[in-house]
Amino acid sequence: MALPDSVTTCLSQPVHYVICKLGFEKKDTYDIDNILSGNGEVCWPAVTEHVCYLESDQSVDYIKSIRSLGPVCESVNSYFKSLTKEQFVIQYASWFHWTNCTEVFLEVFDALQSTQATEVALGLMKLTSCLERALGDVYLLKGNDCPFLLRDLLASEQLADVFGQAVMNVLRVFIGSPRGLNLRNVLWHGFASPQEIPAKYCAMLLFLTAGLGQLLQTYLLQTKSVLVHRPYVIFISLEELDAFPGNEILSIAEELVKLSSFVLKIMLPFWIAALTAFKQSRYADSVILLLPQLEAGLRLLFTTTNKCPNRLLTAESSALYTTFDEMLAKHLDNEEVNQLPVVLKEPAMESDFLWDFLNHQEGPRIRDRLSHGEINLETFPREIANQIVGFAITILCRFSDEAMFSLKEHMVIKPLMSCASCYQSRFHPISQLKKQVLECMKSIHLWPELATVPEEKEQKIKGLEGNAEANALILMISEIISQLQHYMPQNCCSSDDPINSVLTERLLVELCDTHICTLYCPRPVLEVVVVLRKISAQCHQVSRQVIAGAGLRHTQWLNKTLRSRQRHNYRRMLNSIKFLSPVLRLILLLITVELVSVHSVCKKNPFDYQQYLKFLKSVLQYTENLVTYTSPDKNKWDETMELTKKTLIKIKKISDRKLMLMHLAT
């Protein structure tokens with residue numbers, strides 16, 4: 001691994017020139033009055049005239065535009081430095097209301113008065129995030145699906161219609177285009193050190209945001225439109241994110257940061273600022289500062305282990321950045337195996353955690369949501385910040401030399417490392433399926449507690465209760481359970497009651513606790529998991545409908561408001577659910593068994609998984625029909641039982657075949 005001290009910049013030479021030098025080449029002094037009217041409004045024509053265009057196709061000439069706008073940015077920065085906070089608030093605060101986060105922009109003004117380069121960089125990251133979200137809200141005045149990427153948003157016809165194409169071209173010089181300054185991306189992806197971001201560009205974007213507010217106000221008045229802000233993402237079930245203990249984790253963190261080889265020394269101020277923000281309960285700031293540095297440190301590992309040191313630097317506009325997505329992938333873009341997981345001491349832990357918090361669609365997707373302005377920064381949860389900081393500390397420890405042994409053995413660090421070593425994905429589809437199955441089983445276990453009518457008033461289900469066919473179906477369930485024995489813990493099945501002794505919540509919990517590697521899960525497995533999740537969801541919906549329907553019918557029974565046909569249907573329902581309960585529990589057991597065995601079966605057995613997938617889809621069809629038949633407006637209990645009989649026979653046949661093939665394979 002390259003020594004972090006030897007890295008003096010993560011900006012490639014052309015990008016470093018564009019950001020750090022190009023805008024300083026013109027030494028002209030620009031008069032602020034040229035772009036600022038007497039009442040404090042932005043004179044947009046005087047700004048847009050500095051954007052230059054190529055003669056060939058009239059597209060933006062970014063090099064000339066940055067050079068021309070350099071003195072303008074310097075003038076704006078000097079102007080803001082001359083204002084007191086009170087003057088700035090009086091003159092500009094109202095022009096930030098359209099962003100729905102005025103306070104953030106006022107904080108950016110404070111950052112511009114600071115001597116700390118990290119404050120400016122942090123302010124710029126927050127500014128671009130909030131600006132992107134606000135521009136997306138404006139886009140929705142005229143369009144439907146807001147573009148996910150900032151560059152596509154800024155290039156949209158919808159924003160050009162509202163603000164004018166010339167105005168949008170000014171913005172694209174600063175953010176959104178890899179051929180421009182591209183300030184958002186070089187910061188959010190951890191390429192720029194604090195000293196490499198000129199404060200004048202942050203000042204200019206603050207100025208332009210106020211100018212956009214002025215243009216938007218005019219547009220809204222002319223069109224009589226109302227700007228509606230999309231709601232922020234709200235994190236629920238925060239306890240699911242609790243992977244690391246939070247007590248005293250910062251007590252020795254700063255010492256770790258200074259000694260760990262994971263930290264690029266040019267980025268050290270960002271790490272210190274992140275830990276300071278956490279101590280000050282500025283949790284959003286802490287995570288905004290940490291995520292790019294985790295990416296920068298992992299990029300150093302990635303480029304070293306895969307022997308592509310040039311990828312440590314920012315790519316040009318013709319190539320892709322090396323970002324989290326590529327670093328977490330199984331293969332490189334040339335199809336060679338990614339060596340980063342090999343060099344990590346706990347590859348599953350690091351990758352699983354990062355996939356959970358950054359990538360999985362059902363996870364918090366912290367980086368995406370923060371960088372695109374989807375999270376309210378003022379109410380950012382401490383729980384999430386605690387996990388990111390905890391993860392950062394564990395990875396700092398992993399990449400530190402033996403001289404830090406005493407720190408690694410510290411009473412605060414050891415619990416963190418212990419948690420890291422046993423971390424399992426919480427938001428991978430497999431993990432979510434486990435959660436679904438257990439929640440569904442809890443719901444079905446409520447059925448015996450449902451209020452019923454007196455037994456002497458119950459009627460037998462047509463064609464089932466008290467006859468040989470019912471006994472045959474019960475026997476079939478028992479046989480299927482028997483075929484699944486080799487997947488289960490020993491002695492979990494009672495010969496006296498094989499159904500109720502096996503189809504329990506305890507057994508499913510034990511099976512779901514089985515560790516399944518989710519990293520780089522094969523596509524056939526994921527295809528199966530998608531269908532299994534749908535089956536589980538339908539089973540849970542059936543359970544909810546049974547519970548709600550039984551409660552309603554019992555109340556109506558007591559109140560004597562049921563008609564004769566409804567009473568008869570209610571009796572059929574009560575008897576049906578006695579038989580339906582073990583069937584649904586059996587399906588949940590099948591789901592769990594399939595989940596536990598799917599990796600090994602897929603590799604070892606000659607079983608045709610496409611054919612098995614077809615079988616699973618037939619079970620899905622059964623559960624979907626169950627949802628329909630057991631719905632309050634249908635209540636088709638005879639049809640429910642007839643369909644259940646056919647499905648059990650199908651499950652028995654496929655189970656017999658799988659068992660035979662497994663014996664042949666062994």
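Worth saying up front: this structure is predicted, and the values here are computed from it rather than measured.

Novice: How should the overall build of the protein be read in this particular structure?
Specialist: On a plain count of helices and strands, the protein comes out with 29 helices and zero strands. Expressed as a percentage of the 666 residues in the protein, the buried residues total 56%. Intrachain contacts of the protein at a sequence separation of at least 6 include 76% that bridge at least 24 residues. Accessible surface computed for the protein: about 29400 Å², of which carbon and sulfur atoms make up 52%.

Novice: So what exactly am I meant to see when it comes to the nonpolar core here?
Specialist: Soluble globular proteins tend to bury their nonpolar side chains together. Formed by 150 residues in total, the largest nonpolar core has its most connected members in Phe80, Tyr92 and Phe174. Counting the residues that make up this core, at least three belong to each of domain 1 (13–223) and domain 2 (238–421). If you look at the next biggest cluster of nonpolar residues, it comprises 68 residues, including Cys440, Ile516, Val627 and Leu643.

Novice: When you look at the environment of Leu212 in this model, what are you seeing that I'm missing?
Specialist: Structurally, Leu212 is set in helix α11 (residues 199–223). Using a relative accessible area of 0% as the deciding quantity, one classes Leu212 as buried. Sequence-wise, Leu212 and Phe96 are 116 residues apart; in three dimensions their C-alpha atoms are separated by 8.8 Å. If near-sequence neighbours (up to four positions away) are discounted, Leu212 is found in contact with Trp44, Trp98, Leu131, Leu135, Phe163, Val167 and Leu171.

Novice: How should the packing of helix α6 (residues 117–139) against α11 be read in this particular structure?
Specialist: In a pair of packed helices, the angle between the axes and the distance between the axes together describe the arrangement. Between α6 and α11, the shortest axis-to-axis distance is 10 Å and the interhelical angle comes to 25°. Taken together, the axes of α6 and α11 lie roughly parallel to each other. Judged by the twist between their axes, the crossing of α6 over α11 is left-handed. Contact residues: Val120, Leu124, Leu127, Thr128, Leu131, Leu135 and Val138 in α6; Ala199, Cys202, Leu205, Leu206, Thr209, Leu212 and Leu216 in α11. Grouping the constituent residues of the contact of α6 with α11 by class yields 12 nonpolar, two polar and no charged.

Novice: Is there a simple way to think about unusual backbone geometry in this case?
Specialist: If a residue is not glycine, its phi is most likely negative; likewise, a peptide bond is most likely trans. Even without being a glycine, Asn182 presents a positive backbone phi close to 55°. In this fold, Asn182 is placed in the loop between α9 (165–174) and α10 (183–188). The phi torsion at Lys307 lies on the positive side, around 55°, for a residue other than glycine. Looking at the secondary structure, you find Lys307 in the loop between α14 (283–305) and α15 (324–327).

Novice: What is the right way to read the packing of α14 against helix α19 (residues 382–398) from this model?
Specialist: In contact at an axis separation of 10 Å, α14 and α19 are set at 30° when each is read in the N-to-C sense. What the angle tells us is that α14 and α19 run roughly parallel. Along this stretch, α14 crosses α19, giving a crossing that reads as left-handed. Contact residues: α14 offers Tyr283, Ser286, Val287, Leu290, Leu291, Leu294 and Leu298, while α19 offers Arg382, Ala385, Ile388, Val389, Phe391, Ala392 and Ile395. Residue classes in the contact of α14 with α19 are distributed as 12 nonpolar, one polar and one charged.

Novice: Any chance you could explain the environment of Trp271 here in plain terms?
Specialist: Mapped onto the secondary structure, Trp271 falls in helix α13 (residues 268–279). Of the residues examined, Trp271 reaches a relative accessible area of 2% and is grouped as buried. Put simply, Trp271 and Glu254 are 17 residues apart on the chain and 8.2 Å apart in space, counted from C-alpha to C-alpha. Trp271 has contacts with Val257, Phe262, Val263, Leu290, Gln293, Leu294, Ala392 and Leu396, leaving out every residue within four places of it along the chain.

Novice: Which parts of the structure should I look at to understand the environment of Ala199?
Specialist: Inspection of the secondary structure assignment puts Ala199 in helix α11. Owing to a relative accessible area of 24%, Ala199 belongs among the partly exposed residues under this scheme. Through-space distance from the C-alpha of Ala199 to that of Ala121 is 8.1 Å; in sequence the pair is 78 residues apart. Setting aside anything within four residues of it in sequence, one finds Ala199 in contact with Asn77, Leu112 and Val120.

Novice: Quick question: what am I supposed to make of the packing of aromatic side chains here?
Specialist: Aromatic ring pairs are defined here through the distance separating the ring centres and the angle between the ring planes. Scanning the model with the defined rule gives 18 aromatic pairs in all. Look at Phe96 and Phe105: their rings are 5.1 Å apart centre to centre, the planes differ by 10°, and that puts the pair in the stacked class. Per residue, the accessibility class of Phe96 equals that of Phe105, and both read buried. Centroid distance Phe262 to Trp271: 6.3 Å. Interplanar angle 85°. Geometry classified as edge-to-face. Each member of the pair, Phe262 as well as Trp271, is classed as buried. The structure contains a cluster of three or more aromatic residues connected by ring pairs, namely Tyr79, Phe80, Phe88, Tyr92, Phe96, Phe105, Phe109 and Phe207. Its end group placed over the ring of Phe24, Lys200 keeps NZ or CZ at 3.6 Å from the ring centre.

Novice: When you look at helix α25 (residues 505–512) in this model, what are you seeing that I'm missing?
Specialist: Along an α-helix, a turn takes 3.6 residues, which lines up residues three or four apart on a common side. Residues of α25 that are buried include every one of Leu507, Leu508, Leu511 and Cys512, and no others. End-on, the buried residues of α25 take up no more than an arc of 130°, which puts them together on one face.

Novice: When you look at helix α1 (residues 13–20) in this model, what are you seeing that I'm missing?
Specialist: Buried residues of α1: Val15, Val18, Ile19 and Cys20, and no others. Contacts from the buried residues of α1 go to α3 (62–82), α10 and α11.

Novice: I would appreciate a short explanation of the confidence of the model for the protein in the present structure.
Specialist: Atomic detail in the predicted coordinates should be set aside for any region of low pLDDT. In the predicted model, the protein carries a mean pLDDT of 86, and 87% of its residues have values of at least 70. Low confidence marks residues 460–465, where pLDDT is under 50. Its contacts with residues over four positions away, or in another chain, come to 14 contacts. Under a pLDDT of 50 for its full length, residues 660–666 has, in the predicted model, seven contacts with residues more than four places off or in other chains.

Novice: Sorry, what's going on with the pattern of salt bridges here?
Specialist: Pairing of side chains with opposite charge becomes possible as their charged atoms draw close. What the rule picks out here adds up to 20 salt bridges. With a closest N to O distance of 2.9 Å, Lys126 and Asp285 form a salt bridge. Here Lys126, found in helix α6, pairs with Asp285, found in helix α14; they are 159 residues apart in sequence, far enough to count as distant. There is no split in this pair, since Lys126 and Asp285 are both buried. The closest approach of N and O atoms between Glu505 and Lys442, which form a salt bridge, is 2.9 Å. With a gap of 63 residues between them, Glu505 in helix α25 and Lys442 in helix α22 (residues 429–444) connect regions that are remote in the sequence. Via salt bridges that share partners, Glu107, Lys126, Arg282 and Asp285 belong to a single interconnected network.

Novice: Would you mind showing me how to read the side chain of Ser75 here?
Specialist: Within the secondary structure, Ser75 sits in helix α3. With a relative accessible area of 10%, Ser75 lands in the buried category. In this structure the side chain of Ser75 is engaged in a polar contact, spanning 2.9 Å, whose partner is the backbone oxygen of Tyr30. If we ignore the near neighbours within four places in the chain, the residues touching Ser75 are Tyr30, Asp31 and Ile32.

What counts, and where the lines are drawn
- Residues numbered from 1 in each chain as written.
- Predicted model: local features only at pLDDT ≥ 70, side-chain atom pairs only at ≥ 80, totals over all residues.
- Heavy atoms only, no water.
- Helix = DSSP H or I, 4+ residues; strand = E, 2+ residues; numbered from the N terminus.
- Buried < 20%, exposed > 50% of the residue type's maximum accessible area, 1.4 Å probe, protein only.
- Contact = heavy atoms within 4.5 Å.
- Areas by Shrake-Rupley, 256 points an atom, 1.4 Å probe, with all protein chains shown as cover.
- Core = buried A, V, L, I, M, F, W, Y, C linked by side-chain atoms within 4.5 Å.
- Domains from an automatic or database assignment.
- Axes fitted to C-alpha atoms, helices over the stretch in contact; angles between N-to-C directions.
- Parallel < 35°, antiparallel > 145°, perpendicular 65-115°, else oblique.
- Left-handed = near helix turned anticlockwise from the far one by under 90°.
- Nonpolar A, V, L, I, M, F, W, Y, C, P; charged D, E, K, R; others polar.
- Phe/Tyr/Trp six-rings, centres within 6.5 Å; stacked < 30°, edge-to-face > 60°.
- Lys NZ or Arg CZ within 6 Å of the ring centre and 35° of its normal.
- Arc of directions from axis to C-beta.
- pLDDT = per-residue confidence, 0-100.
- Salt bridge = Lys/Arg side-chain N within 4 Å of Asp/Glu carboxyl O.
- Polar contact = N/O pair within 3.5 Å; in protein donor to acceptor, adjacent residues only side chain to side chain.

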